[in-house]
Amino acid sequence: MKAVRFFGHKDVRVVNDIERPVPKGDEVLLKIGGAGVCHSDLHIIDEGTVVGTVFTLGHENAGWIEEIGENVEGYKKGDAVLVYGPWGCGHCKSCQQSKENYCDHQSEQAYGGGLGLDGGMADYMLVPSSRFLVPIYDLDPVIAAPLTDAALTPYSAIKRSLHKLMADEYVVVIGVGGLGHVALQILREISGAEIIACDVTQDKLAFAKELGAAYVINSKDADAAEQIQKITGIKKAKVVLDFVGATSTIDLGTKVVSLDGDLTIVGLGGGHYQYSMNGLPFGVSMTNPYWGSRTELMEVVGLARQKKIHIEIEKHKLDEANEVYDRMRQGKIKGRAVLIP
Ligand code: NAD
Ligand code: ZN
Ligand code: ZN
């Protein structure tokens, strides 16, 4: 079968000679409908966040069940499902609570398809346990694949701050890409706060307005923080969601977040922050959330089935993977690119 393989630093190749896996026990073989292209892949490919192993990329996956192992119950051939991405041990307390994104053993084991183990940019993908499947019912797996990360990650980040996102507050979203464009819609649908969106191109800012941002600011402007403070006034922004995570965006967040606010850094842009006593308003919680839980993914499916969130999708063939990654490096993708076998 065909697969998009990571061979090492800046070396991604589409190969045709991968053997189709056979599921055993609780494993499931999925016929891939779509595999989303996440910016985290670029951190792997260009910056070496996963090293020393060759594997198939793609950690945002959806498809139809092709074959099940002898111990799988509750699923049958043809069922449309998402693959929950962070594969935990299944036994620790976090895993038992469905938060496999915070599994105790995260630092010790290869952690998820497309992140060291074989992922979904291929004709078929082996899922190691039926526990990682989430049914999508009438949703199309091609369109639904990015729900597993581009929607789940912002959903989980927003939920942890939801009690602060009331109608008299402001929320700042930095980066209107794959994750950010869904974050805007989730905020619009489940929170009351007024949304201020930041990106670096006019196209992305216009897109943000369509998706529910009341205000848009180009974060390249030297006075971006002052522009935001002019909108929020002395209250400042109760929550800042940074989907870039560069030093400049973290710095912007520290300048606009309010007393007792949340500064949530989702982006893995390699930024630095130096704590100092006067650097943040009192009471600010700074967090670096990772992905979301299995049950939160079920809630995300609910939002999609109710048509409250819509993922803007560019469809591409597996053979086009390297071109798509290049477009992503240049910030040219609107919404999410999905590779379709
Ligand atoms: P993307 O490439 O689709 O979008 C990034 C967006 O940020 C683009 O619109 C780009 O124009 C914008 N941008 C770049 N620099 C900016 C700046 N200085 N100010 C404002 N906007 C800027 O990326 P994505 O797939 O949405 O991922 C975003 C980040 O989140 C990546 O670093 C990715 O690795 C990370 N991520 C983290 C998690 C997690 O669990 N923590 C999960 C998925 C992705
Ligand atoms: Zn991702
Ligand atoms: Zn665990």
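That block above? That's the structure.
Worth saying up front: this structure is predicted, and the values here are computed from it rather than measured.

J.: What is the right way to read the coordination of the zinc ion (ligand 2) from this model?
T.: Geometry reference: four tetrahedral donors at a metal, ideal angle 109.5 degrees. Six octahedral donors, ideal angles 90 or 180 degrees. Looking at the zinc ion (ligand 2), one finds its protein donor set to be Cys38 (SG), His59 (NE2) and Asp149 (OD), positioned 1.8 to 2.3 Å from the metal centre. Going along the chain, you hit the donors of the zinc ion (ligand 2) in the pattern C-x20-H-x89-D. On the criterion of sequence distance, the pair formed by Cys38 in the loop between β3 (28-37) and α1 (39-47) and Asp149 in the loop between α3 (141-144) and α4 (152-159) is long-range, its members being 111 residues apart. As far as the burial class goes, Cys38 and Asp149 line up, both buried.

J.: When you look at the sheet that holds strand β1 (residues 3-8) in this model, what are you seeing that I'm missing?
T.: Backbone hydrogen bonds hold the strands of a sheet together, and the pairing may be parallel or antiparallel. Spatial ordering of the open sheet is given by β2-β1-β4, a layout of 3 strands whose pairing is antiparallel. The strands lining the two open edges of the sheet, one partner per strand, are β2 (11-15) and β4 (55-56).

J.: Please explain the pairing of β3 as it appears in this structure.
T.: β3 sits mainly inside the fold: 9 of its 10 residues count as buried. Judged from the 8 bridges that link them, β3 and strand β5 (residues 60-68) form a sheet pairing that is antiparallel. The partner of Ile32 across the bridge, within β5, is Gly63. With 4 bridges joining them, β3 and strand β7 (residues 124-127) adopt antiparallel strand pairing. Among the inter-strand pairings, Leu29 is bridged to a residue of β7, identified as Leu126.

Parameters and conventions
- Residue numbers here run from 1 along each chain, matching the order of that chain's written sequence.
- Chain letters and ligand numbers both follow the written order, the letters beginning at A and the numbers at 1.
- Local features in this predicted model are restricted to residues whose pLDDT is 70 or higher, and side-chain atom pairs enter the listing and the counts only when it is 80 or higher, whereas totals over whole chains, interfaces and linings include all residues.
- With hydrogens and water excluded, all non-hydrogen atoms of the structure serve as input to the side-chain values.
- A 2.8 Å cut-off from the metal defines N, O and S donors, relaxed to 3.2 Å for Na, K and Ca; water is not in the atom list, so some sites may appear incomplete.
- Think of it this way: any DSSP run of H or I at least four residues long counts as a helix, any run of E at least two long counts as a strand, and we number them from the N terminus.
- Burial classes follow relative accessibility: with a 1.4 Å probe on protein chains only, a residue under 20% of its type's maximum area counts as buried, one over 50% as exposed, and anything between as partly exposed.
- Between any two strands, pairing holds if DSSP finds at least two bridges.

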